[in-house]
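Okay, here's what each chain looks like letter by letter:
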Amino acid sequence: PLALGLYTVNAVYGDTIIIPCRLEVPDGLMFGKWKYEMPNGSPVFIAFRSSTKKSVQYDDVPDYKDRLSLSENYTLSIKNARISDEKKFVCMLVTEDDVSEAPTIVKVFKQPSQPEILHQAEFLETEKLKMLGECVARDSYPEGNVTWYKNGKVLQPVEEVVVINLQKIVDKSTGLFTMTSSLQYMPTKEDANAKFACTVTYYGPSGQKTIQSVPVVFDVHYPTEKVTIQVLPQSRTIKEGDNITLKCSGNGNPPPQEFLFYVPGETEGIRSSDTYVMTDVRRNATGEYKCSLLDKSMMDSTTITVHYLDLQLTPSGEVTKQIGEALPVSCTISSSRNATVFWIKDNIRMQTRPSFSSLQYQDAGNYICETILQEVEGLKKSKTLKLIVEGKPQVKITKKTDTNKMSKTIVCHVEGFPKPAVQWTVTGTGSILNKAKETKYVNGRFSSKIIIAPEENVTLTCIAENQLERTVTSMNVSAISIPEYDEPEDRNDDNREKVNDQAKLIVGIVVGLLLAALVAGVVYWLYVKKSKTASKHVDKDLGNIEENKKLEENNHKSE
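Residues numbered from 1 in each chain as written. Predicted model: local features only at pLDDT ≥ 70, side-chain atom pairs only at ≥ 80, totals over all residues. Heavy atoms only, no water.

1. Description of the state of the cysteines
Here is step 1: Per the stated rule, a full pass over the model turns up five disulfides.
Here is step 2: The disulfide that involves C135 links it to C198, with 1.9 Å between the sulfurs. Residues C135 and C198 are joined through a disulfide that is right-handed, its torsion about the S-S bond being 75°. Taken together, the residues C135 in strand 13 (residues 130-140) and C198 in strand 18 (residues 195-204) connect sequence positions 63 residues apart.
Here is step 3: Disulfide pairing places C412 opposite C462 at an S-S distance of 1.9 Å. Taking the sign of the torsion about the S-S bond as the criterion, the disulfide between C412 and C462, at about -85°, is left-handed. On the criterion of sequence distance, the pair formed by C412 in strand 38 (residues 408-417) and C462 in strand 43 (residues 458-465) is long-range, its members being 50 residues apart. Assigned by exposure class, C412 and C462 land together as buried. (Disulfide = S-S within 2.5 Å. Helix = DSSP H or I, 4+ residues; strand = E, 2+ residues; numbered from the N terminus. Buried < 20%, exposed > 50% of the residue type's maximum accessible area, 1.4 Å probe, protein only.)

2. Examining the environment of A47
Here is step 1: Relative to the helices and strands, A47 resides in strand 5 (residues 43-50).
Here is step 2: Taking the C-alpha atoms as reference points, A47 and L76, separated by 29 residues in sequence, lie 8.6 Å from one another.
Here is step 3: With residues up to four places along the chain from it excluded, the contact list for A47 reads G32, K33, W34, Q57, Y58, D59 and L70. (Contact = heavy atoms within 4.5 Å.)

3. Let's talk about the sheet that holds strand 24 (residues 244-250)
Here is step 1: The sheet built from three strands is open, its strands ordered 22-24-27 with antiparallel pairing. Of all the strands in the sheet, the pair left with one neighbour each is strand 22 (227-232) and strand 27 (275-278). Neighbouring strand axes in the sheet, compared pairwise and without regard to direction, differ in orientation by 15° on average.
Here is step 2: Across six bridges, the pairing between strand 22 and strand 24 is antiparallel. What sits directly across from T228, in strand 24, is S249. (Pairing = 2+ DSSP bridges. Axes fitted to C-alpha atoms, helices over the stretch in contact; angles between N-to-C directions.)

4. Section: the environment of I348
Here is step 1: Here I348 shows up in strand 35 (residues 348-349).
Here is step 2: Sequence separation between I348 and Y367 is 19 residues; the distance between their C-alpha atoms is 9.5 Å.

5. Regarding the side chain of S50
Here is step 1: Inspection of the secondary structure puts S50 in strand 5.
Here is step 2: If sequence neighbours within four positions are ignored, S50 has contacts with M30, F31, S55 and Y74.

6. Concerning the confidence of the model for the protein
Here is step 1: Here the protein shows a mean pLDDT of 87. Residues at 70 or above account for 87%.
Here is step 2: Taken together, the stretch residues 491-507 has pLDDT below 50 and engages in six contacts with residues farther than four places along the chain or on a different chain.
Here is step 3: This stretch, residues 532-559, has a pLDDT under 50; its non-local contacts, to residues over four places away or in other chains, come to zero contacts. (pLDDT = per-residue confidence, 0-100.)

7. Focus: the pairing of strand 24
It is a general feature of regular strands that their side chains alternate between the two faces of the sheet.
Here is step 1: Residues I244, L246, C248 and G250 of strand 24 are buried on one face, while the alternating residues T245, K247 and S249, pointing to the opposite face, are not.
Here is step 2: Pairing between strand 24 and strand 27: four bridges, direction antiparallel. The residue of strand 27 that forms the bridge with T245 is V277.

8. Description of the side chain of T224
Here is step 1: Locating T224 in the fold gives a position in the loop between strand 21 (220-221) and strand 22.
Here is step 2: For T224, a relative accessible area of 14% puts it in the buried group.
Here is step 3: Of the polar contacts made by the side chain of T224, one reaches the backbone nitrogen of G252; its length is 3.2 Å.
Here is step 4: Once residues within four sequence positions are removed from consideration, T224 is found in contact with G250, N251, G252, P256, L293 and M298. (Polar contact = N/O pair within 3.5 Å; in protein donor to acceptor, adjacent residues only side chain to side chain.)

9. What to know about the packing of aromatic side chains
The description of two aromatic rings rests on the distance between their centres and on the angle between their planes.
Here is step 1: Within this structure, the stated rule accounts for 10 aromatic pairs.
Here is step 2: On the numbers, 6.1 Å between centres and 20° between planes, the contact of Y141 with F177 is stacked. Of the two residues, Y141 is situated in the loop between strand 13 and strand 14 (145-150) and F177 in strand 17 (residues 177-185); the sequence distance between them amounts to 36 residues. We note that Y141, like F177, is buried.
Here is step 3: Centre to centre, the rings of F196 and F218 are 5.7 Å apart; their planes meet at 75°, and the pair counts as edge-to-face. Placement of the pair is F196 in strand 18 and F218 in the loop between strand 20 (216-217) and strand 21, with a sequence separation of 22 residues. Exposure class is identical for F196 and F218. Each is buried.
Here is step 4: The rings of Y36, Y64 and F89 are connected pair by pair, giving a single aromatic cluster. (Phe/Tyr/Trp six-rings, centres within 6.5 Å; stacked < 30°, edge-to-face > 60°.)

10. Examining the nonpolar core
Here is step 1: Counting residues in each nonpolar core, the largest one holds 51 residues, and the members touching the most others are I17, W34, I46, L76 and F89.
Here is step 2: Excluding residues within four positions of it along the chain, I46 makes contact with W34, K35, Y36, Q57, Y58, D59, V61, Y64, L68, L76 and F89.
Here is step 3: If you look at the next biggest cluster of nonpolar residues, it comprises 19 residues, including F259, F261, A285 and I304. (Core = buried A, V, L, I, M, F, W, Y, C linked by side-chain atoms within 4.5 Å.)

11. Let's talk about the sheet that holds strand 43
Here is step 1: Across the sheet, which stays open at both edges, the four strands sit in the order 40-39-43-44 with antiparallel pairing between neighbours. Of all strands in the sheet, those bounded by a partner on one side alone are strand 40 (432-433) and strand 44 (470-477).

12. Concerning the pattern of salt bridges
Here is step 1: Scanning the entire structure with this criterion turns up 24 salt bridges.
Here is step 2: Among the salt bridges present, the one from E143 reaches K168, with a minimum N-O distance of 2.7 Å. On the criterion of sequence distance, the pair formed by E143 in the loop between strand 13 and strand 14 and K168 in strand 16 (residues 162-170) is long-range, its members being 25 residues apart.
Here is step 3: On the basis of relative accessible area, K168 is assigned to the partly exposed category, the value being 35%.
Here is step 4: Across the pair R337 and E375 runs a salt bridge whose closest N-O atoms are separated by 3.2 Å. Of this pair, R337 sits in the loop between strand 33 (330-335) and strand 34 (340-345) while E375 sits in the loop between strand 36 (365-372) and strand 37 (380-401); the two residues are 38 residues apart in sequence, bridging distant segments of the chain. (Salt bridge = Lys/Arg side-chain N within 4 Å of Asp/Glu carboxyl O.)

Now the structure itself:
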């Protein structure tokens, strides 16, 4: 490389500078010498080598003490290159007749440190020009150039928006440069996540190079432009008893920490943090809710519906009624939405609601009126009616002789609630029979059966007793040797219902026949009445004819 037409050696700061003597060694060489030129042009000799004695001498120059080395081919080496080594060095070869010189320019380069962004701003603010930071690149030679970038693009100076100042300082002891570039910046909201970096461009032995700093992201402050109110949690509907959290937020940075909340029933805003909690809400909490900044400059609103479900069962609890009585039952629902109502009796869902015009024992049980709001999770109400149907004991005795004619079965059919206790006695003797067998007590009915083989006529008494009454019924039973008419056993409920249905059918047929006969009788009576009237007219006409004949006969006689 040449500098101003001279040969140049490029060296790295701190390395060894190697400067070859670019002269051919002449015949009759006496010695060789190296010198450098001062800025004013005066020479300073630094090394000498004799060709005859092969000895080397170094001049007493403080800057180069213990740093020089001169080889046999007169190549000069300088250890630990410094910036001050940037000079013109001259190689001199001397004979008796001539002095030859070859100058060389030494250039020293120093790579700067990686640039750092120092004195970083804690945050930036929109509409404000603020010092973002300083990019510092140290110990460069020659001096470098600093450039600022945002998101990889060069930041160009813009008045009152991007202001860049570059300062270069040289260390007098080392000759190295430190570059400091300050950046004042006015951000926008879009700079919230922008990456700022700086680079230093410098020259090295092989040309121009660039080193980049670590990118930095700054917190950008900007005012709130919109307020938003939310109801938490958002995933479900609200029902009575729930807790509601209102959350108000502003889109500024940093976000507002306090707001005014406006709730139904309150004329003034309630100052609170960004959340306002209402516990165990009731239906009167339904309405419009608002929140605003403390200066009331911005506001947002939302509507809350608190769902409710009321159930009134009349009557409810434990109710005791007598058999045959009527019991009106009503289940009244009041709700914020259409509710589904259903009835359950003894853990079995009913198809229709209960209605009791004449209570029977089978009507007794545990009734539940239950209602739910399908749209609202967890909103369910129910009330219970425990219905007890009481009745005095009703007793009927039947008897039947067994086919083998060896015994008789006497059955006491009992109805009543609470379940009556049954006792059999033999009238006259007063003895109590304890061998009775009872059927299962279902729907207020059961039966008690005894099997006897009396040797003489007896009277059996069935006594049924509960808390309401004591009922006594007796039956005469002939001795087993005496045949007698057997009364049929009481039919079960299904047969009884079939008989009732047959009876109803027979009654219907009889009534129909009677009505038909009545209609026929009326028709016949009308017919007879009409016939009599016609016969009277005939008789009257015949009488008139007879009278006319008599008058004619009298007239003939007169003539």
